[in-house]
Amino acid sequence: MAALQRGPDYRRFILISILLGTQREAWARHILYSVPEETDKGSFVGNIAKDLGLEPGELTERGVRIVARGRTQLFALNPRSGSLVTADRIDREELCAQSARCLVNFNILMDKMNLYPVEVEIIDVNDNAPRFLTEEMTVKITENTAPGVRFPLNEALDPDVGTNSLQSYQLNPNHHFSLVVQTGDDGAKYPELVLERVLDREEEAVHHLLLTASDGGDPPLSQTAHIQVTVVDVNDHAPVFSLPQYQVTVPENVPVGTRLLTVHAVDLDEGVNGEVTYSFRKITQKILQIFQLNPHTGELSTLEGLDYEESSYYEMQVQAQDGAGSMTRAKVMITILDVNDNAPEVTVTSVSNSIPEDIPPGTIVALFYLQDRDSGKNGEVACTISENLPFKLERSIDNYYRLMTAKNLDREKCSVYNITLKATDGGTPPLSSETHISMNVADTNDNPPAFPQSSYSVYIPENNPRGASIFSVTAHDPDSHENAQVTYSLSEDSLQGASLSSYVSINSDTGILYALHSFDYEQFRDLQLRVTAHDSGDPPLSSNVSLSIYIVDQNDNTPEILYPTLPTDGSTGVELAPRSAEPGYLVTKVVAVDRDSGQNAWLSYRLLKASEPGLFAVGLHTGEVRTARALLDRDALKQSLVVAVQDHGQPPLSATVTLTVAVADSIPDVLADLGSIRTPGDPDDSDLTLYLVVAVAAVSCVFLAFVIVLLALRLRRWHASRLLQASGGGLVGVPDSHFVGVDGVRAFLQTYSHEVSLTADSRESHVIFPQPNYADMLLSLETCEKKDPLLNSIDFRECKDEAENIQQAPPNTDWRFSQAQRPGTSGSQNGDETGTWPNNQFDTEMLQAMILASASEAADGSSTLGGGAGTMGLSARYGPQFTLQHVPDYRQNVYIPGSNATLTNAAGKRDGKAPAGGNGNKKKSGKKEKK
């Protein structure tokens, strides 16, 4: 049985709450349940999930729980079924005593901050039978008592209420007494014993009766008390109290044993009949433990300390009885005054230990309950917190308070708030208590990484090593944990068509930048980068900083001479200086640049070497070559100057250029002077040229000697073969390698062919040994098959086998070499295409060519060989009679067996002589064959 009671105008309440700016919470609605007492633990009370508008499974998700008010928890929530159940057996009489309605109030907390009040009515069941204070009662009646007199009896007490409480009394049947039940103002029933007939002590001195008290439960419960009626002598007077009721008001903090009041009754009889005794009447067992009544003096005192919070009012009845048994009753009422002896209590119902820093103002972060067991002003409690905190208090239902944020929070300023809740009552003196709440502010990603500077400038010398660290950037994020983890990256950009990431890289964790290339100041002078720092929050925040990397120039480039430029043919440019030039005449100017910058590009010029010292001067900063003095007739026609250009770097770098200055007024004069003037050579150059000529001559002599020896060996073998053939002996077993033919001679000649070049300046002379050019084989199969006596003993099986595989053309007696087939350097000469033999096969012709070249250059005045005409400069060493006619022609000693070809003198053609015919050679060959 459950009923949901809602306010009739809760929508208006919600609207007002929104208009007032308060946070939305459950409207004031009371959920009322009822449950019988004494039910088993876990008994169903009501479907709390349904009444809250939730599904059973949402109780745990929404944090629904019961908030008790400082007493034992009587109920519990079943999260599976979503129902409210009993947490233990409930005793209504213990909770509410004789109250007509027993309600248990508590609150349901949902979503940590929303409260829903719940009331459970405890239904009384007939679990208590009426009980008499004592099961034995004694009544004394004088024997002359008239019938109709009433004697009050001890009533029974039933803690149940309603129909389950005490309903009736019954007296066992007898002849002298009857029972009358009186009903008081409070509804209590009081039994009275009525005398129906006169007693006779002599007939029956003691009467035994049974009094039964019954309730109205189903089934009814009852209890029986024994009444012993004693018939005594005549007692004329009954005790009389001085007041019909006694009232006293005492503070709750009176000491134990304090006398509260004294009841007094007077009996006018004398002797035993006038002795009055006092006792409690209609009192509970709990009151008997708190108060005591002196039976002789009637003083009412305390046995335990009084507590206003447990009971503020006590009501009891006392009776006075004389010795004869006459009794009278009086009511005693004790009122307890509250004393401010209880400090306020703060019970934290719900609290958020960690709150995000971005929660809006007005958010509930804690819910607590204030309680003071005192009453009146002593129980009025005020709660405060420190004013310098960004929180405020707001009262909720009952004595609940809500702790709310008053303004925006910032974890970076304060990450933990220690809040002290101070509760103070209104008593005199006031009592207070404090409760401490520690609240952590959870970080949210509300701060991007920040660089200490808005921009950075880095200076790096060029030619830096690859992979070296060049700079480091650091960004600080005031957030915490992953929101403060910063990663670095470079913005995508390009430089000279290449991505910046190919020049510089950055460590994403440390922010250290590395150079991926060796920078060149002459290629680019600065890099403009943008470094981005990202945190790891969600969503991530970032910030940028500009980084300028400036390349510092190093002296890594030598000066580059722009003028004079060196000719491509290897010659030296010539500058003219007229003989009439005065001192300071501008001859030429050396122009140079340096790709470096600053001090590294400052150039200075100086004259490093001159063939005529003191004749020319070079401007230190201009590079102008000027005459230092007037030109004289004795000054050489050709002047050589070496100018050095040097920068001012550390260390300095320099370059040199050689200038040739011709002292003449015009170019034709220069040519005429060069043809008529022989410049004496440098002794060192003359010696070097001499050494080269001697070396060439020695090599030629060795070569000619070798050719003569080779021909002699050939003739000897030919002669030996003739002797063996004449004697019938064979050459079986003799290897072919013992025989050397013309092919071997030609290969040898080609192997040792070389080229010697001499120039006017002997330091530039060079010797070239080219790779041999192999000529085609001259011998064909038919040549091998000729019955030449010199080759009779040679095995021509190889020639035949080779002839079977290769189809050769028929031999031509008038064979020649083409221009490309000529060995050595003959292919480059302009000889007669129809010539029969190249003209430079022997070292003699090479020597002739060399001498001719030397003679031609001697005409320029630079040769050191000197001599008269027709001696080609050799008369200095070999005498004036030495001419070209003294050079023997060794080609006549070489012939090719089996061929009509002859080695002709190409020089003869040059001299206008016709070459010797082939018939002459044939005759010589015939003579040798006959020999």
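Residues numbered from 1 in each chain as written. Predicted model: local features only at pLDDT ≥ 70, side-chain atom pairs only at ≥ 80, totals over all residues. Heavy atoms only, no water.

1. Some words on the overall build of the protein chain
To keep it simple, the criterion reads: For helices the rule is a DSSP run of H or I covering at least 4 residues; for strands it is a run of E covering at least 2, with both sets numbered from the N terminus onward. Relative accessibility under 20% of the residue-type maximum defines a buried residue, over 50% an exposed one, and the middle range a partly exposed one, all with a 1.4 Å probe and only protein chains included. We call two residues in contact whenever any of their non-hydrogen atoms come within 4.5 Å of each other. Here, Shrake-Rupley sampling with a 1.4 Å probe gives the accessible areas, and only protein chains in the shown set may cover a residue.
Assigned secondary structure in the protein chain consists of 14 helices and 54 strands. By the burial criterion, 39% of the 931 residues in the protein chain qualify as buried. In the protein chain, the share of contacts with a sequence separation of at least 24, taken over all contacts with a separation of at least 6, comes to 66%. Of the roughly 51,200 Å² that the protein chain leaves accessible, carbon and sulfur atoms contribute 52%.

2. Quick word on the environment of D526
Note the following rule: Pairs of N or O atoms are called polar contacts if they sit within 3.5 Å, as long as, within protein, a hydrogen donor faces a hydrogen acceptor (for residues adjacent in sequence, only side-chain-to-side-chain pairs).
One can find D526 in strand 42 (residues 526–534). C-alpha of D526 to C-alpha of I549: the two residues are 23 residues apart in sequence and 5.4 Å apart in space. Those residues within four positions of D526 in sequence are excluded, and the remaining contacts are I549, Y550 and I551. A polar side-chain atom of D526 sits 3.3 Å from a polar atom in the side chain of Q528.

3. Examining a negative patch on the surface
For clarity, the threshold we go by: Each patch is built from residues lacking any salt bridge and having more than 30% relative accessible area; the joining distance is 9 Å for like charges and 5 Å for nonpolar side chains (Val, Leu, Ile, Met, Phe, Trp, Tyr). Salt-bridge detection follows one rule: a side-chain nitrogen of Lys or Arg within 4 Å of a carboxyl oxygen of Asp or Glu. Only four residue types enter the tally: Lys and Arg on the positive side, Asp and Glu on the negative side, with His and both chain ends excluded. To locate a charge, take NZ of a lysine, CZ of an arginine, CG of an aspartate or CD of a glutamate.
A surface patch of negative charge is lined by D200, E202, E203 and E204. You can see D200 is positioned in the loop between strand 15 (189–195) and strand 16 (206–215). D200 sits in the partly exposed class, given a relative accessible area of 32%.

4. Considerations on the sheet that holds strand 13 (residues 166–171)
Stated formally: Should DSSP find at least two bridges between two strands, the strands are taken to pair. Note on geometry: axes are C-alpha line fits, over the in-contact stretch for helices, and angles between N-to-C directions span 0 to 180 degrees.
Spatial ordering of the open sheet is given by 10-17-16-13, a layout of 4 strands whose pairing is mixed. Two strands close off the open sheet at either side, each with one partner strand: strand 10 (136–142) and strand 13. Strand-to-strand twist across the sheet, computed as the mean angle between neighbouring axes with direction ignored, equals 25°. Here 7 bridges tie strand 10 to strand 17 (residues 222–232), and the two strands are oriented parallel to one another. The residue bridging K140 from the neighbouring strand is T230, located in strand 17.

5. Quick word on the environment of I290
Position of I290 among the secondary structure elements: in helix 5 (residues 285–290). Owing to a relative accessible area of 7%, I290 belongs among the buried residues under this scheme. Linking I290 and L303, residues 13 residues apart in sequence, is a C-alpha distance of 4.9 Å. I290 has contacts with S301, T302, L303, E304, L306 and Y314, leaving out every residue within four places of it along the chain.

6. What about the side chain of S721?
Along the polypeptide, S721 turns up in helix 7 (residues 683–726). A polar side-chain atom of S721 sits 2.6 Å from the main-chain carbonyl oxygen of W718.

7. Describing the packing of aromatic side chains
Here is the rule: Pairing of aromatic side chains here covers Phe, Tyr and the six-membered ring of Trp, requires ring centres within 6.5 Å, and sorts the geometry by plane angle: under 30 degrees stacked, over 60 edge-to-face, intermediate tilted. In this analysis the charged atom, NZ for Lys or CZ for Arg, is taken to sit over a ring once it is within 6 Å of the ring centre and within 35 degrees of the ring normal.
The full count for this structure, using the stated rule, is 11 aromatic pairs. Ring geometry for F241 against Y278: centres 6.2 Å apart, planes inclined by 45°, an arrangement best described as tilted. Of this pair, F241 sits in strand 18 (residues 240–241) while Y278 sits in strand 22 (residues 277–281), and the two are 37 residues apart along the sequence. Take F241: its relative accessible area is 10%, and that puts it in the buried class. Through a chain of ring-to-ring contacts, the aromatic side chains of Y503, F519 and F524 assemble into a single cluster. Taking the ring centre of Y190 as reference, the NZ or CZ of R329 above it sits at 5.9 Å.

8. Notes on the confidence of the model for the protein chain
Keep this limit in mind: What pLDDT reports is the predictor's confidence in each residue, on a scale of 0 through 100.
This prediction gives the protein chain a mean pLDDT of 75; 71% of its residues lie at or above 70. Long-range and interchain partners of residues 1–28, a stretch whose pLDDT sits below 50, account for 35 contacts in this model, where long-range means more than four residues apart. When the criterion is pLDDT under 50, residues 854–931 qualifies, and its contacts beyond four places in sequence or with other chains add up to 97 contacts.

9. Focus: the UniProt feature "transmembrane region" (unreviewed entry) in the protein chain
What counts, and what does not: UniProt positions are given in the numbering used here, feature names are shortened, and annotations may be inferred rather than shown by experiment.
Under the present numbering, the feature "transmembrane region" (unreviewed entry) in UniProt falls on residues 688–713. Note that residues 688–713 is 100% helix and 0% strand, and that its end C-alpha atoms are spaced 38 Å apart.

10. Some points on the nonpolar core
What counts is decided by this rule: To define a nonpolar core, start from buried Ala, Val, Leu, Ile, Met, Phe, Trp, Tyr and Cys residues and group those joined through side-chain atoms within 4.5 Å.
Among the nonpolar cores identified, the biggest contains 28 residues, and V504 and I549 are the most heavily contacted of them. Listed by contribution, the elements that provide at least two residues to this core are strand 35 (455–461), strand 37 (487–490), strand 40 (504–506), strand 41 (512–515), strand 42 and strand 43 (542–552). With 27 residues, the next largest nonpolar core counts F280, I287, L300 and Y314 among its residues.

11. Some thoughts on the sheet that holds strand 50 (residues 624–627)
The 3 strands lie next to each other as 46-50-49, forming an open sheet whose pairing is antiparallel. A strand with exactly one partner marks an edge of an open sheet, and here the two such strands are strand 46 (586–589) and strand 49 (616–618). Each neighbouring strand pair of the sheet contributes to a mean axis angle of 20°, computed without reference to strand direction.

12. So, the state of the cysteines
Rules: Disulfide assignment relies on a single distance test, namely cysteine sulfur atoms paired within 2.5 Å.
Under the counting rule described, the total for this entry stands at 1 disulfide. In this model C96 forms its disulfide with C102; the gap between the sulfur atoms is 1.8 Å. Its S-S torsion of approximately 60° makes the covalent link between C96 and C102 right-handed.

13. Overview of the pairing of strand 7 (residues 103–110)
Within strand 7, 6 of the 8 residues are buried, leaving the element largely enclosed by the surrounding structure. When strand 4 (residues 65–67) meets strand 7, the two strands line up antiparallel, connected through 3 bridges. When the sheet's bridge partners are listed, R65 is paired in strand 7 with L109. Pairing of strand 7 with strand 8 (residues 114–123), which is carried by 8 bridges, proceeds in the antiparallel orientation.

14. Concerning the pairing of strand 42
Strand direction decides the pairing type here: strand 37 and strand 42, joined by 4 bridges, are antiparallel. In the strand pairing of strand 42, L490 is matched with V531. Pairing of strand 42 with strand 43, which is carried by 9 bridges, proceeds in the antiparallel orientation. In the strand pairing of strand 43, R530 is matched with S546.

15. Comments concerning a nonpolar patch on the surface
A cluster of nonpolar side chains, contributed by L562, Y563, V591 and V593, occupies part of the molecular surface with about 290 Å² of accessible area. Those elements giving two or more residues to the nonpolar patch turn out to be strand 44 (560–563) and strand 47 (591–593).

16. Thoughts on the pattern of salt bridges
Proximity of charged atoms lets side chains of opposite charge pair with each other. One pass over the structure, following the stated rule, counts 13 salt bridges. Of the charged contacts, one joins E38 and R89 as a salt bridge, the two residues approaching to 3.9 Å between their closest N and O atoms. Of the two residues, E38 sits in the loop between strand 2 (29–36) and strand 3 (44–46) while R89 sits in the loop between strand 6 (83–86) and helix 4 (92–96), which places them 51 residues apart along the sequence. Given a relative accessible area of 29%, E38 falls into the partly exposed group. Taking relative accessible area as the criterion, R89 reaches 49% and is therefore assigned partly exposed. Linked by salt bridges that have partners in common, E38, D40 and R89 make up one network.

17. Considering the environment of V663
Its location among the elements puts V663 in strand 52 (residues 654–663). Along the sequence, V663 and D635 sit 28 residues apart, while their C-alpha atoms lie 8.3 Å from each other.

18. Quick look at unusual backbone geometry
Across the junction of D538 and P539, the peptide omega takes the value 0°, indicating a cis bond. Among the secondary structure elements, P539 is positioned in the loop between strand 42 and strand 43. Of note in the backbone geometry, N463 takes a positive phi value of approximately 65° without being a glycine. With relative accessibility at 41%, the residue N463 sits in the partly exposed group. Here the phi dihedral of H481 falls at roughly 55°; this positive angle occurs in a residue that is not glycine.

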